[in-house]
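Close look at the chain arrangement
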Amino acid sequence: MHPLIDRRSMLLSAAALGAAAFTTSRSAEAAAPITGPTGSPYTRYKVGEFEITAFNDGTRVTGNPEKIFGVNQKPEDVGTAAEANFLPKDRMVNSFTPVLVNTGKELVLFDSGNGANGRPATGQLAAQMKAAGVAAEDIDVVVITHCHPDHIGGLMDNGAPLAPKARYVIGEAEYAFWSSPDRANGPTANAAKIVQANVVPNKDKMTFVKNEGEVVSGIRAIEAFGHTPGHMAWHVESQGKRILIGADFCNHYVLSMQHPKWHVSFDADKDGAVATRLKLLDMLSADRIPFTSYHMPFPAVGFVEKGAGDGYRFVPASYQLML
Ligand SMILES: [Zn+2]
């Protein structure tokens, strides 16, 4: 019998027997290359009449979570907490999630990502805005939650502002701390250099706010000191619906939420950051409102449920913010 017919009759008889389908691929290679894991460029959801776009500035794999989260704990306890939540103990993924609020009247961008000269595999904000159909010159306000490089690195690209027509809003204490000449040396030197290049040149277009300070109608500041001296979270409300833009008050969806008292290496004032974390997590769980947090897994939006002991549990948003 001809070999092709032989193969065909074999396939038919296999099908007749209910065997798994055969492929007729002639090559050992798939038609598309293996490209590695990827996230979405952006996600859009709504809060009342406001529309919020979360941009994926990039994701970064790092090692040794215990050197960032729970630095006042035994390293093995941090590993145990990670593994109990189906996470590896030796590696983690860090997201960077600037968000844009469209109030219907203004476009308000919160933070600018790492920028072109920032961490590898990040600095995607400008490209993601393009993908989402957002023109940078249409942005009315840029809010700076705090002055760490992963939040202000994208404000300028070689001296050209990301949002050329925008005014800026920043916490008064945050600007005062980082723009001071005292920051030029020591552990703050690197961030201070980026502040001088990206933040200070926009000073004349800047509004400095305190607790409850308004950005635009429906968006106001909430003091969330600790991560940095003037770190601010932002309360957003439209038609009775609310969301908190939390910036860096709680950066790991398991380790910071289940163990809010654990110290975090990046928090400048460890005890102050714990107090802020407890205060905001308590408010979020009591009021049952959503929040977005810059470094949580993209799109970094969800709810807070009271958990065991001092802890809380992150409940990722599914379709609540699509309705
Ligand atoms: Zn950050």
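Here's what I pulled together on the structure shown here. (Residues numbered from 1 in each chain as written. Predicted model: local features only at pLDDT ≥ 70, side-chain atom pairs only at ≥ 80, totals over all residues. Heavy atoms only, no water.)

Once that is clear, we can look at the pattern of salt bridges. What the rule picks out here adds up to seven salt bridges. Notably, a salt bridge pairs Glu212 with Arg220, separated by 2.9 Å at the nearest N-O pair. Taking relative accessible area as the criterion, Glu212 reaches 46% and is therefore assigned partly exposed. A relative accessible area of 29% places Arg220 in the partly exposed class. Arg277 serves as the salt-bridge partner of Asp267, at 3.2 Å between the closest nitrogen and oxygen. With a gap of 10 residues between them, Asp267 in the loop between helix H7 (255-258) and helix H8 (270-287) and Arg277 in helix H8 connect regions that are remote in the sequence. Of the two residues examined, Asp267 and Arg277, each falls in the buried class. (Salt bridge = Lys/Arg side-chain N within 4 Å of Asp/Glu carboxyl O. Buried < 20%, exposed > 50% of the residue type's maximum accessible area, 1.4 Å probe, protein only. Helix = DSSP H or I, 4+ residues; strand = E, 2+ residues; numbered from the N terminus.)

Turning our eyes to something else, we now look at the sheet that holds strand S1 (residues 42-47). Pairing is mixed across the open sheet formed by seven strands, whose spatial order is S1-S2-S5-S6-S7-S10-S11. Of all strands in the sheet, those bounded by a partner on one side alone are S1 and strand S11 (206-209). The sheet shows a mean angle of 20° between the axes of neighbouring strands, taken without regard to direction. Here six bridges tie S1 to strand S2 (residues 50-55), and the two strands are oriented antiparallel to one another. Residue pairing for S2: Tyr42 is matched across the bridge by Phe55. (Pairing = 2+ DSSP bridges. Axes fitted to C-alpha atoms, helices over the stretch in contact; angles between N-to-C directions.)

Position of Ala286 among the secondary structure elements: in helix H8. On the accessibility criterion, Ala286 (55% relative accessible area) is exposed. In this structure, the C-alpha to C-alpha distance between Ala286 and Val304, residues 18 residues apart in sequence, is 8.7 Å.

Glancing now at the pairing of strand S17 (residues 301-306). Bridge analysis of strand S16 (residues 291-292) against S17 gives two bridges, and the strand direction is antiparallel. Note on S17: the bridge partner recorded for Thr292 is Val301. In this sheet, strand S18 (residues 312-316) lies alongside S17 in antiparallel orientation, the contact comprising five bridges. Bridge pairing links Glu305 to Arg313 in S18. Linkage of S17 to S18, two consecutive antiparallel strands, is achieved through a turn of five residues, within which Gly309 is found at a positive phi near 60°.

Only Asp150 (OD), His151 (NE2), Asp248 (OD) and His295 (NE2) from the protein reach the zinc ion as donors, at distances of 2.1 to 2.3 Å. Of note is the zinc ion, whose four donor atoms meet at the metal with angles of 85 to 174° in an arrangement that counts as irregular. For the zinc ion, the donor residues sit on a single chain with the sequence spacing D-H-x96-D-x46-H. Per residue, the accessibility class of Asp150 equals that of His151, and both read buried. (Donors = N, O, S within 2.8 Å, 3.2 Å for Na, K, Ca; no water. Tetrahedral: all angles 85-135°; square planar, octahedral: opposite > 155°, others 65-115°.)

Okay, the nonpolar core next. Membership of the largest hydrophobic core comes to 27 residues, with the highest contact counts inside it found for Phe55, Met129, Ile139, Ile144, Cys147, Leu155 and Val199. Listed by contribution, the elements that provide at least two residues to this core are strand S6 (107-110), helix H3 (125-131), strand S7 (141-144), strand S10 (167-171), helix H5 (172-179) and helix H6 (189-198). With sequence-adjacent residues up to four places away left out, Cys147 is seen in contact with Ile152, Ile170, Glu174, Trp178, Ala191, Val195 and Val199. The next biggest cluster of nonpolar side chains, apart from the first, holds 25 residues, and it includes Val47, Val108, Phe110 and Val215. (Core = buried A, V, L, I, M, F, W, Y, C linked by side-chain atoms within 4.5 Å. Contact = heavy atoms within 4.5 Å.)

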